[in-house]
Amino acid sequence: MKVLAVASKGGHWVELLRLLPAFSGMEMVYVSTDPNLASTVEGNKFYSIPDANRWNKFKLIRIFMIVFKIVYKERPKFVISTGAAPGLMALMAGKILGIKTIWIDSIASAEKLSLSGKIALRFVDRLYTQWPDLSGPKIIYAGNILL
Amino acid sequence: MIFVTTGTQAPFNRLVKVMDALAAELNGEEVIVQASGVNFETKNVKVVGFIHPVEYNRIINEARLIISHAGMGSIVSALTKGKKIIVIPRKAELGEHRDNHQIDSAKKMEALGYVPVAYDEEQLKSKIITMLMQEEKTESALIGEFASSSLVNSIRGFMLSS
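Residues numbered from 1 in each chain as written. Chains lettered and ligands numbered in written order. Predicted model: local features only at pLDDT ≥ 70, side-chain atom pairs only at ≥ 80, totals over all residues.

Asks: Before we move on, can you summarise the overall build of chain A with the specific residues and values?
Replies: Along the backbone of chain A there are four helices and seven strands. Of the regular secondary structure in chain A, the N- to C-terminal order runs β-α-β-β-α-β-α-β-α-β-β. In terms of overall dimensions, chain A is globule-like: its C-alpha atoms have a radius of gyration of 14 Å, near the 15 Å expected for 147 residues. Seen through its principal axes, chain A has C-alpha atoms that stretch 35 × 35 × 30 Å. Counted over contacts in chain A with a minimum sequence separation of 6, partners at least 24 positions apart contribute 50%. (Helix = DSSP H or I, 4+ residues; strand = E, 2+ residues; numbered from the N terminus. Rg over C-alpha atoms; globule rule 2.2 N^0.38 Å. Contact = placed C-beta atoms within 7 Å.)

Below is the structure:
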């Protein structure tokens, strides 16, 4: 089973790496916003993409095009992201292409879902929060990346 | 050595300033500050911008105390290595972040016993002094290498059953 995992550099990437046992035995393709991070997932395919926050619309559109191409080319069974905006773009691309999508909201979003998480909630197949008090009918809490 | 880490997304000059002042009172202990957009000349601390992940790990390993913004990358790195850490969240009203989610997440992580938090510069100073005076304990990881198994199993279970 092929899985495309997307996370921006910094905390989002660190959170993704802590979920790796969930993907053991799967064919992983990684996407992040810093080429230096390839060394942290050695032996796996790795794409580096430009970074953008959700306030820069033009950059976001460009990033959507870039990740759409990657998702189209790789045709994974799942697209999964721990954030932030580029990960949301990848999940949208996956949705359009009929691929299953999973969003894991950052542990840093402790009082409410992140803005990207709220958008993802409208279309993803599964969405996790890392805080029990934020869970709901479509928002799953099953633990956090720290423990 | 004390390592101060502020991430790469935005300046956090309030923290750099207080650490630069405090460093003068630390009997020559080295203070390395990772920060972007520092808009003044520091006198007592060395400032570096971007640090490669490998080098970053080396510095974390060598530090005896880590002072960090409430960014998860830094917090997780410190906890997995059993390092003493003090977290100081960025404040939106001072233009340090777009919102106050660092304060929210720091409060909740503090309540769960993961990290001590300083909510202003005075608290930071007194927490640093207290921590530096504490006896050196053998460093043991405060969290494991991976996420809680319930989360890992839930994600994996969903993927394998779809």
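Asks: I'd like to hear about the sheet that holds strand β2 (residues 27–32) of chain A, residue by residue, with values.
Replies: Residues and elements named next belong to chain A. Pairing in this open sheet of seven strands is parallel, and the strands run β3-β2-β1-β4-β5-β6-β7 from one edge to the other. Each of the sheet's edge strands pairs with one partner strand only, and the pair in question is β3 (45–48) and β7 (140–141). Bridge analysis of strand β6 (residues 126–129) against β7 gives two bridges, and the strand direction is parallel. Bridging from a neighbouring strand, Thr129 pairs with Tyr141 of β7. (Pairing = 2+ DSSP bridges.)

Asks: So what about the nonpolar core? Which residues, and what values?
Replies: Counting residues in each nonpolar core, the largest one holds 86 residues, and the members touching the most others are Leu4(A), Ala5(A), Val79(A), Ala90(A), Met19(B) and Val87(B). With seven residues, the top contributor of residues to this core is helix α3 (residues 85–96) of chain A. Discounting residues that sit within four places of it in the chain, Ala90(A) has contacts with Leu4(A), Val6(A), Val31(A), Val67(A), Val71(A), Val79(A) and Ser81(A). (Core = buried A, V, L, I, M, F, W, Y, C linked by C-beta atoms within 7 Å. Buried ≥ 20, exposed ≤ 12 C-beta atoms within 10 Å, placed from the backbone.)

Asks: Talk me through unusual backbone geometry; I want residue IDs and the actual numbers.
Replies: Residue and element names in this part refer to chain A. Residue Ala84 is reached from Gly83 by a cis peptide bond, and omega for that bond is 0 degrees. Along the chain, Ala84 falls in the loop between β4 (78–83) and α3. A positive phi is found at Arg75, a non-glycine position, where the angle reads about 45 degrees. In this fold, Arg75 is placed in the loop between α2 (57–74) and β4. The class for Arg75 is exposed, based on 12 C-beta atoms found within 10 Å.

Asks: A description of the pairing of strand β4 (residues 65–68) of chain B should follow, citing residues and the corresponding values.
Replies: All names here are of chain B. In β4, alternate side chains face the same way, and those of Leu65 and Ile67 on one face and Ile66 and Ser68 on the other are all buried. Relative to β4, strand β1 (residues 2–5) runs parallel, the two being bridged by four bridges. Among the inter-strand pairings, Val4 is bridged to a residue of β4, identified as Ile67. Here three bridges tie β4 to strand β5 (residues 85–87), and the two strands are oriented parallel to one another.

Asks: Can you lay out the interface of chain A and chain B for me, pointing to particular residues and giving the numbers?
Replies: Counting from both sides, the interface comprises 30 residues of chain A and, opposite them, 27 residues of chain B. Mapped onto the side of chain A that touches chain B, the elements with two or more residues apiece are α1 (11–17) and β5 (100–104) of chain A. With three residues, α1(A) is the single largest residue contributor to the side of chain A that touches chain B. Per-class residue counts for the side of chain A that touches chain B are 17 nonpolar, eight polar and five charged. (Nonpolar A, V, L, I, M, F, W, Y, C, P; charged D, E, K, R; others polar.)

Asks: Lay out the packing of helix α1 (residues 13–23) of chain B against helix α5 (residues 121–133) of chain B with the relevant residues and their values.
Replies: Residues and elements named next belong to chain B. α5 packs onto α1 with a crossing angle of 45 degrees between their chain directions and a minimal axis gap of 11 Å. Here α5 runs oblique to α1, going by the angle between their axes. Judged by the sense of rotation from one axis to the other, the crossing of α1 with α5 is right-handed. Residues Arg14, Val18 and Leu22 of α1 pack against Glu121, Leu124, Lys125 and Ile128 of α5. Of the residues in the contact of α1 with α5, the class split is four nonpolar, no polar and three charged. (Axes fitted to C-alpha atoms, helices over the stretch in contact; angles between N-to-C directions. Parallel < 35°, antiparallel > 145°, perpendicular 65-115°, else oblique. Left-handed = near helix turned anticlockwise from the far one by under 90°.)

Asks: Let's hear about the pairing of strand β1 (residues 2–7) of chain A: which residues, and what values?
Replies: All names here are of chain A. Burial analysis of β1 places five of its six residues in the buried class, the great majority of the element. You can see the chain leave β1, run along α1 and come back into β2, and the turn it takes is right-handed. As judged from the five bridges shared by β1 and β4, these two strands associate in the parallel manner. Bridge pairing in β4 links Ala5 to Ile80. (Right-handed = clockwise from strand over helix to strand, strands pointing away.)

Asks: So, α3(A): which residues are in play, and what are the values?
Replies: Residues and elements named next belong to chain A. The terminal C-alpha atoms of α3, which comprises 12 residues, lie 17 Å apart, in line with the 16 Å expected from a rise of 1.5 Å per residue. Counted residue by residue, α3 has 10 buried out of 12 residues, so it is predominantly covered. All buried positions along α3 are accounted for by Ala85, Pro86, Gly87, Leu88, Met89, Ala90, Leu91, Met92, Ala93 and Gly94. Elements that come into contact with the buried residues of α3 comprise β1, β2, α2, β4, β5 and α4 (115–121). Of the residues flanking the end of α3, it is Gly98, one or two places downstream, whose phi is positive at about 75 degrees. (Expected span 1.5 Å × (residues − 1).)

Honestly, it's all geometry; don't read function into it.
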